[in-house]
4 protein chains.
Amino acid sequence: MRILAVNMKAYDSAFGKRATEIARKVSDLSSTLGRVRIIIVAPLLNASRLSGLYEHVFVQHVDSVGFGAFTGYTPVSAVRLEGIRGVMVNHSEHKILYRDLQKIIGEAKREGLEVLACADTPQEASAIAYLGPDMIAVEPPELIGTGIPVSKAKPEVITGGVKAVKLIEPSIKVLAGAGISEPGDAVKSLELGSEGILVASAIMKSPDPFKEIQRFASAMEEFEEPPTLTSY
Amino acid sequence: MRILAVNMKAYDSAFGKRATEIARKVSDLSSTLGRVRIIIVAPLLNASRLSGLYEHVFVQHVDSVGFGAFTGYTPVSAVRLEGIRGVMVNHSEHKILYRDLQKIIGEAKREGLEVLACADTPQEASAIAYLGPDMIAVEPPELIGTGIPVSKAKPEVITGGVKAVKLIEPSIKVLAGAGISEPGDAVKSLELGSEGILVASAIMKSPDPFKEIQRFASAMEEFEEPPTLTSY
Amino acid sequence: MRILAVNMKAYDSAFGKRATEIARKVSDLSSTLGRVRIIIVAPLLNASRLSGLYEHVFVQHVDSVGFGAFTGYTPVSAVRLEGIRGVMVNHSEHKILYRDLQKIIGEAKREGLEVLACADTPQEASAIAYLGPDMIAVEPPELIGTGIPVSKAKPEVITGGVKAVKLIEPSIKVLAGAGISEPGDAVKSLELGSEGILVASAIMKSPDPFKEIQRFASAMEEFEEPPTLTSY
Amino acid sequence: MRILAVNMKAYDSAFGKRATEIARKVSDLSSTLGRVRIIIVAPLLNASRLSGLYEHVFVQHVDSVGFGAFTGYTPVSAVRLEGIRGVMVNHSEHKILYRDLQKIIGEAKREGLEVLACADTPQEASAIAYLGPDMIAVEPPELIGTGIPVSKAKPEVITGGVKAVKLIEPSIKVLAGAGISEPGDAVKSLELGSEGILVASAIMKSPDPFKEIQRFASAMEEFEEPPTLTSY
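The model shown is predicted, which means the values in this text are computed figures rather than measured ones.

Comments concerning the overall build of chain A
Okay, step 1: Scanning chain A for helices and strands turns up 10 helices and eight strands.
Okay, step 2: Considered along the principal axes of its C-alpha atoms, chain A spans approximately 50 × 40 × 30 Å.
Okay, step 3: Scored against the burial criterion, the 232 residues of chain A give a buried share of 60%.
Okay, step 4: At a minimum sequence separation of 6, the contacts of chain A that also span at least 24 residues come to 66%.

Next up, the structure:
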């Protein structure tokens, strides 16, 4: 499955009724897709609530703590108890220590949660690949939110990231991110060897976020892989 | 109204079905009380969900950010959009800068949210009183989670905290916290001049958290204030 | 004594030979002044070295740790062992928790070190006054480094800060800071009731930092207080 | 050269006269050694001062900032201006983000400074090896300060760390650390394939730190490598 991961960030459309509407509509859309899996990466504040509306919700951050006296922190195990499918960690806007990444990924695996970890560079993607998350999104921070898509501005980050990760652990899916504005950028990312995208502002800052999700999903669904794939 | 604020922290009983059960039962209990308001201080991960079950839910922490590209952070305004009643900030286990406290309290007021701010000492309580939150809980960190109640071990922290806060802003309610283990400790805190308590482990680590809440609520409901109150 | 506190920050002129030259020349200048005390607020990296050249050196930050296994952190007690006169803490660019401020000020007093604590607002100045540092510098963060002097743009922050602090503890000296560009701004700050200034970029980004220090010191030395002072 | 890196941490012996004495005596001792290079990893507060007494001083931490308005932070370039030979970063007690490690190592290379980076695990050592520091010290955090030497308790961390690093970049020297108490532990670490050790409490908490350095240096000087080396 190709991955369309929508990072809701903390945009106003990520909360309240607008978030509810996005999750409901994505749930319906999702059942019509055969090749694309839409993941909603939700804020801490409503990831649990949105998980009641759509199956493939991840939360935007967790902390490397267990259950206990940790006011305002989020244990990995709590994510499972709240019925949330997975966690995203180490996003460019919320970096964590490698040490904590190691603990969180280990704990998430024991809990049966999926992990999407973010990396700034192919080097960081390699570093994270050793820890065995399910997915790694490579996003050059200087392009995030700019509207200049990584697939055009720095295609070598996608190809380099894919190569770096697959060398260490071929089962990890590599997503491309940063500056993705149009469905065509998502397709281009697939052509460059990624297995999906991580997108935020192009969708969440739109007046109709669901409509944008639909456009991206549709383009990614229709994309036909070239007959021969590059092998690593 | 006397305040019984239950900080769920990140105990395992704070998530999933056990949290649901606590919120539901507290909602029922709450309608039977005349003098006590129970506030559930919920984790970020389910504060929104629990707010659907009980009206007086606060979230354990917020960040001093607005809406925008802040992955994994929680804007004050988002709390309102998710229908949550209030925020607790600056807990001993999640201290924030005075600068951020100032921003958060200002923003929460504009959004119509209630604020419960925590202080380690009467001095910090004074410092926070200038910012005008609705409630200040004074908790000596060295007693938190010990089972040695502040009302016995350091009653001067309660009386001193109340005096310090009321001197600056009489409308702020002062709660006592740290080490409160028994309903009698809550009553003692009221006798010392506080207007309620902030309690966590004595309730959340119990095999039946709701039953403990009921015991505390009952003792606080029955407490009769002495005829003459100390004036500040 | 009026205080001219020069925050070297991490400008290139704050390190190596240029820093040495500043400290040496200030030491000479200092002996010619009768009413002005120049404090050099030095980087962690050379505060000890510069203390060998000039008596009134403070370090820009310390940590709330004791001696021990704290790699890369700076105990308050170490400042004394290195022969440094005092510490500046809680600068707008390096905010610390109120809790840590409380510990650091207490520890510094026990060690016989002077403390200059910074505040963003008159409210924060009040909050800090309870902790009893020797000096409080009030600096609206939005003016720092702008060249728009607080004494012109927000004189009420100086007068309000002085009033707020003196109400709690009259022995604390109040300094004004942020955007101070010219010796005239320093004089204006004294006229508004402050007992000195905290200045950085106007001096350290100049091609000849010492010459600027000299100009400020001279203007502050010559300032004659009006015959009647406002009482608080 | 075999590396004997002494992390002074923030022990009381790391400051003032005792630190001066250590640096002076190590400088003398150093000239008598042919196979061992002693590196003193000094606190931020006196790294510059001690660099005037001994050539091979590293500082315990730097920040990923450039020159500018960064009160209390330490730019990499400032380390060079103060005449300090190198930097240690990412110690277990002062972890930094991978992103910052990447910036700092790049900047240090441009400035001609040496870099010693620390790793908790062979996995983190691999992750850091991609960034090309001069040395990597592998230290299981659970053994630091325990007196249980890594060379006995977890020899596989040393052999695994060496193997992991050399696979990526053979020119990086790998040091062993954590719990090293006796000169024999240092020798054992060399036998396991490391090129030196990082040691702290065994030396700095001793009544005579220099004497301990001498004992370690002597044992490491005398160690004869076995005729055939393991190849990677």
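Additional details are given in the paragraphs that follow.
Notes on the relation of the copies chain D and chain C
Okay, step 1: The transform that puts chain D on chain C rotates by 180° and translates by 0.0 Å along the axis, for an RMSD of 0.0 Å. The relationship between the two copies is best expressed as a two-fold rotation axis.
Okay, step 2: Both copies contact each other with a shared surface, as 100% of the interface residues of chain D are interface residues in chain C too.

Some thoughts on the relation of the copies chain A and chain B
Okay, step 1: Once turned by 180° and shifted 0.0 Å along the axis, chain A lies on chain B with an RMSD of 0.0 Å.
Okay, step 2: Residue by residue, 100% of the interface of chain A is reproduced at the interface of chain B, so both copies engage with the same surface.

Things to note about the interface of chain D and chain C
Okay, step 1: Listed as interface residues are 34 residues of chain D and, on the opposing side, 34 residues of chain C.
Okay, step 2: Breaking the side of chain D that touches chain C down by element, the ones donating at least two residues are helix H2 (47-51) and helix H3 (76-81) of chain D.
Okay, step 3: Per-element accounting of the side of chain D that touches chain C gives the leading share, three residues, to H2 of chain D.
Okay, step 4: Of the residues assigned to the side of chain D that touches chain C, the class counts are 15 nonpolar, 14 polar and five charged.

Examining helix H4 (residues 98-110) of chain D
Okay, step 1: When the terminal C-alpha atoms of H4 of chain D are compared, their 19 Å separation across 13 residues agrees well with the 18 Å that a helix rising 1.5 Å per residue should span.
Okay, step 2: Trailing H4 of chain D by a residue or two, Gly112 of chain D shows a phi angle of about 75°, which is positive.

Some points on the arrangement of the chains
Okay, step 1: Over all C-alpha pairs, chain A and chain C never come within contact, reaching a minimum spacing of 17 Å.
Okay, step 2: One thing to see here is that chain B and chain D don't touch, and their nearest C-alpha atoms sit 17 Å from each other.

Notes on the packing of helix H8 (residues 183-191) of chain B against helix H10 (residues 209-222) of chain B
Packed helix pairs are specified by the crossing angle of their axes together with the interaxial distance, meaning the distance between the axes.
Residues and elements named next belong to chain B.
Okay, step 1: At a closest axis distance of 8 Å, the pairing of H8 and H10 adopts a crossing angle of 35°. With respect to the hand of their crossing, H8 and H10 are arranged in right-handed fashion. Contacts between H8 and H10 involve Pro183, Ala186, Val187 and Leu190 from the first element and Arg215, Phe216, Ala219 and Met220 from the second.
Okay, step 2: Residue composition of the contact of H8 with H10, grouped by class: seven nonpolar, no polar and one charged.

Some remarks on the pairing of strand S1 (residues 2-7) of chain A
Residues and elements named next belong to chain A.
Okay, step 1: With six of its six residues buried, S1 lies for the most part within the structure.
Okay, step 2: Here S1 shows a buried face lined by Arg2, Leu4 and Val6 and a second buried face lined by Ile3, Ala5 and Asn7.
Okay, step 3: Looking at chain direction, S1 and strand S2 (residues 36-42) are connected through six bridges and run parallel. Bridge assignment links Val6 to a residue of S2, and that residue is Ile40.
Okay, step 4: On the question of chirality, the crossover connecting S1 to the parallel S2 by way of helix H1 (residues 16-30) is right-handed.

What about the environment of Phe67 of chain A?
Okay, step 1: Mapped onto the elements, Phe67 of chain A comes out in the loop between strand S3 (57-59) and helix H3 (76-81).
Okay, step 2: Sequence-wise, Phe67 of chain A and Ser77 of chain A are 10 residues apart; in three dimensions their C-alpha atoms are separated by 7.4 Å.
Okay, step 3: Setting aside residues no more than four positions away along its own chain, Phe67 of chain A makes contact with Pro75 and Ser77 of chain A together with Ala10, Tyr11 and Asp12 of chain B.

Comments concerning the interface of chain A and chain B
Okay, step 1: In this complex, chain A contributes 34 residues to the contact, which on the side of chain B involves 34 residues.
Okay, step 2: Contributing elements (two or more residues each) for the side of chain A that touches chain B: helix H2 (47-51) and H3 of chain A.
Okay, step 3: Here the side of chain A that touches chain B takes three residues from H2 of chain A, the largest share from any one element.
Okay, step 4: Along the lines of polarity and charge, the residues of the side of chain A that touches chain B split into 15 nonpolar, 14 polar and five charged.

Digging into the sheet that holds strand S8 (residues 196-199) of chain A
Residues and elements named next belong to chain A.
Okay, step 1: Taken in spatial order, the eight strands close into a barrel running S1-S2-S3-S4-S5-S6-S7-S8, and their pairing is parallel. Each neighbouring strand pair of the sheet contributes to a mean axis angle of 25°, computed without reference to strand direction.
Okay, step 2: In terms of strand pairing, strand S7 (residues 173-177) meets S8 through two bridges, oriented parallel. Among the inter-strand pairings, Ala176 is bridged to a residue of S8, identified as Ile197.

Concerning helix H10 (residues 209-222) of chain C
Okay, step 1: With 14 residues, H10 of chain C ought to run about 20 Å at 1.5 Å a step, and its terminal C-alpha atoms sit 20 Å apart, in line with that.
Okay, step 2: As for H10 of chain C, its buried residues are in contact with strand S1 (2-7), helix H1 (16-30), strand S2 (36-42), helix H8 (183-191), strand S8 (196-199) and helix H9 (201-204) of chain C.

Considerations on the sheet that holds strand S5 (residues 114-119) of chain C
Residue and element names in this part refer to chain C.
Okay, step 1: Pairing is parallel in the closed barrel, where eight strands are placed in the order S1-S2-S3-S4-S5-S6-S7-S8. Here the average twist between neighbouring strands, direction ignored, is 25°.
Okay, step 2: Pairing of strand S6 (residues 135-138) with strand S7 (residues 173-177), which is carried by four bridges, proceeds in the parallel orientation. Paired with Ala137 across the two strands is Leu175, which belongs to S7.

Comments concerning unusual backbone geometry
All names here are of chain C.
Okay, step 1: The backbone of Lys9 shows a phi angle near 50°, a positive value even though the residue is not glycine.
Okay, step 2: Mapping Lys9 onto the fold places it in the loop between S1 and H1.
Okay, step 3: Given 27 C-beta atoms within 10 Å, Lys9 falls into the buried group.

Description of the packing of helix H1 (residues 16-30) of chain D against helix H10 (residues 209-222) of chain D
Residues and elements named next belong to chain D.
Okay, step 1: Interhelical geometry of H1 versus H10 gives an angle of 30° and a closest axis separation of 9 Å. Of the possible angle classes, the one that applies to H1 and H10 is roughly parallel. Crossing geometry of H1 relative to H10 is assigned as right-handed. On H10, the residues that touch Glu21, Ile22, Lys25, Val26 and Leu29 of H1 are Pro209, Phe210, Ile213, Gln214 and Ala217.

As for the environment of Gly66 of chain C
Okay, step 1: One can find Gly66 of chain C in the loop between strand S3 (57-59) and helix H3 (76-81).
Okay, step 2: Setting aside residues no more than four positions away along its own chain, Gly66 of chain C makes contact with Pro75 and Ser77 of chain C.

A few points about the pairing of strand S7 (residues 173-177) of chain D
Along any regular strand the residues' side chains alternate between the sheet's two faces.
Okay, step 1: Most of S7 of chain D is tucked away: four of the five residues are buried.
Okay, step 2: A crossover links S7 of chain D with its parallel partner strand S8 (residues 196-199) of chain D, the connecting element being helix H8 (residues 183-191) of chain D, and its sense is right-handed.

Concerning the environment of Ile144 of chain C
Residues and elements named next belong to chain C.
Okay, step 1: Along the chain, the position of Ile144 falls in the loop between S6 and helix H6 (150-153).
Okay, step 2: Sequence-wise, Ile144 and Val199 are 55 residues apart; in three dimensions their C-alpha atoms are separated by 9.3 Å.
Okay, step 3: Leave out the neighbours within four places in its chain, and Ile144 touches Ser92, Glu139, Ala178 and Gly179.

What about the confidence of the model for chain A?
Okay, step 1: Averaged over all residues, the pLDDT of chain A is 94; the fraction at 70 or higher stands at 97%.
Okay, step 2: Both scores are given for the predicted complex: the pTM is 0.92, the ipTM 0.93.

What counts and how
- Residues numbered from 1 in each chain as written.
- Chains lettered and ligands numbered in written order.
- Predicted model: local features only at pLDDT ≥ 70, side-chain atom pairs only at ≥ 80, totals over all residues.
- Helix = DSSP H or I, 4+ residues; strand = E, 2+ residues; numbered from the N terminus.
- Buried ≥ 20, exposed ≤ 12 C-beta atoms within 10 Å, placed from the backbone.
- Contact = placed C-beta atoms within 7 Å.
- Least-squares fit on C-alpha atoms with pLDDT ≥ 70 in both.
- Nonpolar A, V, L, I, M, F, W, Y, C, P; charged D, E, K, R; others polar.
- Expected span 1.5 Å × (residues − 1).
- Axes fitted to C-alpha atoms, helices over the stretch in contact; angles between N-to-C directions.
- Left-handed = near helix turned anticlockwise from the far one by under 90°.
- Pairing = 2+ DSSP bridges.
- Right-handed = clockwise from strand over helix to strand, strands pointing away.
- Parallel < 35°, antiparallel > 145°, perpendicular 65-115°, else oblique.
- pLDDT = per-residue confidence, 0-100.

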